[in-house]
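# Observations on chain architecture
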Amino acid sequence: MIARMSDPVPTRAEIVVDLAAVRHNVRILKDLVSVDGPVQLMAVVKADGYGHGMVEVAAAARDAGADWLGVATIEEALTLRAAGDHGHLLCWLSAPGDDFAAAVAAGVELTAYSVAELEEIAAVGPARVQLKVDTGLSRGGASRSEWEHLFAVASDLERQGRITVTGIWSHFAASDEPAHPANDAQEAAFREALALADAAGLDPDVTHLANSAATLLRPSSHFDLVRCGIATYGLDPAPGTSPRVGLRPAMTVRARLVMSKVVRAGEGVSYGHTWYADEDTTVGVVPVGYGEGVPRAAGNTAHVWVDDSQRPIRGRVCMDQLVVELHGELPPTGTEVVLFGPGDLGEPTAQDWADAVDTISYEIVTRVGGRLTRRHVHTDTDTDTEDSVRTTR
Ligand SMILES: *Cc1c(COP(=O)(O)O)cnc(C)c1O
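Being a predicted model, the structure only gives us computed values, none of them experimental. (Residues numbered from 1 in each chain as written. Predicted model: local features only at pLDDT ≥ 70, side-chain atom pairs only at ≥ 80, totals over all residues. Heavy atoms only, no water.)

### Thoughts on the packing of helix α1 (residues 19-33) against helix α3 (residues 54-63)
- Two elements in contact, α1 and α3, have axes whose closest approach is 8 Å; the angle formed by their N-to-C orientations is 45°. By the angle between their axes, α1 is oblique relative to α3. Considering how the two elements wind past one another, α1 and α3 form a crossing that is right-handed. Residue-level contacts link Leu19, Val22, Arg23 and Val26 of α1 to Glu56, Val57, Ala60, Ala61 and Asp63 of α3.
- Here the residues of the contact of α1 with α3 sort into six nonpolar, no polar and three charged. (Axes fitted to C-alpha atoms, helices over the stretch in contact; angles between N-to-C directions. Helix = DSSP H or I, 4+ residues; strand = E, 2+ residues; numbered from the N terminus. Parallel < 35°, antiparallel > 145°, perpendicular 65-115°, else oblique. Left-handed = near helix turned anticlockwise from the far one by under 90°. Contact = heavy atoms within 4.5 Å. Nonpolar A, V, L, I, M, F, W, Y, C, P; charged D, E, K, R; others polar.)

### Observations concerning the packing of helix α6 (residues 115-122) against helix α7 (residues 147-159)
- Relative orientation of the contacting elements α6 and α7 amounts to 15°, with a least axis distance of 10 Å. If you check the angle between α6 and α7, you find them roughly parallel. In this structure, α6 meets α7 at a crossing whose hand is right-handed. Residues Val115, Leu118, Glu119 and Ala122 of α6 lie in contact with α7, whose contacting residues are His149, Leu150, Val153, Ala154 and Leu157.
- Partitioning the contact of α6 with α7 into residue classes produces seven nonpolar, one polar and one charged.

### Focus: the site of the ligand
- Neighbouring the ligand are 14 residues, the closest being Lys46, Tyr50, Ser212, Ile230 and Tyr362.
- Between an oxygen atom of the ligand and a side-chain N or O atom of Trp92, the distance comes to 3.4 Å.
- The protein chains hide 94% of the 390 Å² of surface that the ligand would expose on its own.
- The site holding the ligand turns out to be the largest pocket. (Near = heavy atom within 4 Å. Polar contact = N/O pair within 3.5 Å; in protein donor to acceptor, adjacent residues only side chain to side chain. Areas by Shrake-Rupley, 256 points an atom, 1.4 Å probe, with all protein chains shown as cover. 1 Å grid on protein atoms, 1.4 Å probe; cavity = no way out; pocket = protein on both sides within 12 Å on 5 of 7 lines; lining within 4 Å. Sits in = over half its atoms within 2 Å of the grid points.)

### Here's the deal with the pairing of strand β17 (residues 322-325)
- Side-chain alternation along β17 places Leu322 and Val324 on one buried face and Val323 and Glu325 on a second face that is also buried.
- Sheet topology places strand β14 (residues 281-286) next to β17; four bridges connect them, and they run antiparallel. Bridge assignment links Val283 to a residue of β17, and that residue is Glu325.
- Here two bridges tie strand β16 (residues 309-314) to β17, and the two strands are oriented antiparallel to one another. Bridge pairing in β17 links Ile313 to Val324. (Buried < 20%, exposed > 50% of the residue type's maximum accessible area, 1.4 Å probe, protein only. Pairing = 2+ DSSP bridges.)

### Notes on the domain arrangement of the protein
- Domains assigned within the protein are domain 1 (19-232) and domain 2 (251-390).
- Distance from the C-alpha centre of domain 1 to the C-alpha centre of domain 2: 36 Å.
- Each partner contributes to the interface: domain 1 provides 11 residues, whereas domain 2 provides 11 residues.
- When the buried area of domain 1 at its contact with domain 2 is split by residue, Leu19, His52 and Ile230 rank highest and sum to 43% of it.
- Applying the counting rule to domain 1 against domain 2 returns one salt bridge. (Domains from an automatic or database assignment. Buried area = accessible area lost by both parts, 1.4 Å probe. Salt bridge = Lys/Arg side-chain N within 4 Å of Asp/Glu carboxyl O.)

### Quick word on empty space enclosed by the protein
- In the structure shown here, the tally under the stated rule is two cavities of 30 Å³ or more.
- In this structure, the largest cavity is lined by Val253, Gly293, Val294, Pro295, Leu339, Phe340, Trp353, Ile364 and Val368.
- Residues belonging to the lining of the largest cavity are distributed by class as follows: eight nonpolar, one polar and no charged.
- The space that makes up the second largest cavity amounts to roughly 40 Å³.
- Taken together, His52, Tyr233, Leu235, Pro249, Ala250, Met251, Phe340, Gly341, Ala350 and Val365 make up the full set of residues lining the second largest cavity.
- Residue composition of the lining of the second largest cavity, by class: eight nonpolar, two polar and no charged. (Points joined across faces, edges and corners; volume = space filled by probe spheres on them.)

### Let's talk about the sheet that holds strand β5 (residues 109-112)
- Around the barrel, which closes on itself, the eight strands sit in the order β2-β3-β4-β5-β6-β7-β8-β9 with parallel pairing between neighbours. The average angle at which neighbouring strand axes cross in this sheet is 30°, direction not considered.
- Where strand β2 (residues 40-44) and strand β3 (residues 68-71) come together, three bridges link them in parallel fashion. Bridge pairing links Met42 to Trp68 in β3.
- Helix α4 (residues 74-82) rests against β3, β4 (88-91) and β5 of the sheet, and its axis sits at about 160° to β4.
- Contacts from helix α8 (residues 181-199) reach β7 (163-169) and β8 (206-210), with the element oriented near 165° to β8.

### Structural notes on the layout of surface pockets
- Empty space within the largest pocket amounts to approximately 730 Å³.
- Residue lining of the largest pocket: 33 residues in total, with Lys46, Tyr50, His171, Asn211 and Tyr362 positioned closest to the centre.
- At the level of secondary structure, the elements contributing two or more residues to the lining of the largest pocket comprise α2 (46-50), α9 (212-217), α10 (350-357) and α11 (361-367).
- Considering only residue class, the lining of the largest pocket consists of 16 nonpolar, 10 polar and seven charged.
- When we break the lining of the largest pocket down by domain, the ones giving at least three residues each are domain 1 (19-232) and domain 2 (251-390).
- By volume, the second largest pocket amounts to about 410 Å³.

### Remarks on the packing of aromatic side chains
- All chains considered together, the criterion is met by five aromatic pairs.
- Ring centres 4.9 Å apart and planes at 90° place the aromatic pair Phe190 and Phe223 in the edge-to-face group. On the criterion of sequence distance, the pair formed by Phe190 in helix α8 and Phe223 in the loop between α9 and β9 (225-228) is long-range, its members being 33 residues apart. Accessibility classification places Phe190 together with Phe223 in one group, the buried group.
- Grouped by ring-pair contacts, the aromatic residues Tyr50, Tyr233 and Tyr362 constitute a single cluster. (Phe/Tyr/Trp six-rings, centres within 6.5 Å; stacked < 30°, edge-to-face > 60°.)

Written out as structure tokens, the structure reads:
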């Protein structure tokens, strides 16, 4: 998918998302969780599909067998409905003033964190609602001391026909660290919550706890459904720890050099001269910067792929551009630069960028955007052809 002659030349810089990789990843994850019985798969497509394009990723994930889609906000859920998605769809982060009625009318399942929220949803009902219990992340969800009250109210509302409790779920704090004691504690707490819900007369369709890391590392946490975000995009939720299951990164970010030149020995590069050439050095100017979501911390730390080798970014990343050290002859203007991609050719990956700037791959792919155009391709790796190319923004 990288640097293929068939690709239209981007005018400046672009994100290319391989939807065949998304489909491949969804199939791998589904197979993985189906080993010990039927477990449903939710593809998490919040935050514009982690920067990959929510609507396109959602369609690809459904196509590959995702049983559910998951998003944070009602607005995201309604966007999916407007784009023609009709399957099981859960959203989990409402804010005061949110349009519960629109969500319910669109068949979106809402998540209640509290009795107050549950009653607000029931007021626009009959609604399909999932209850979120806080088992130790200490973020959203009902605290342990509230569980019995929440379940009692939910059970009451269900008997009145005002809601249907379709799910009970929770979220891990440290599933990317499998030996972290929070994992066992949270799973035990979740089982306690499920027992209390059962005692209150609730019988949800699905119970779920696992994100991508727990999907790969903690089969005991799969319950009825797993919620996979980062793994859907082919990135490793727990680098160095996850088993290799053959996920394929879907995103490539590439640009074209707008200029190359020789910086003389002793000259400083970019704002603040945080890097000096110690000999005459060929450099190239890449027309992307923090305005495109490239981390400023990538200055002097990350690498890009030019002419079949990884080349270091020199000096500070600016708003619109960055400077990369090249070698040999001055390359022509328009030479392709890959910031990151699946890594197949040796180009850096989003994980390499995350390591370079001390963050996680999630942040790298989700923040990249700004003025970049995004193009979705379907690369069949067996035949290396694209069956469809379209620009989405
Ligand atoms: C974002 C999110 C996920 C997906 O997490 P990954 O680590 O990307 O798999 C799952 N569940 C909830 C509640 C989330 O907010």
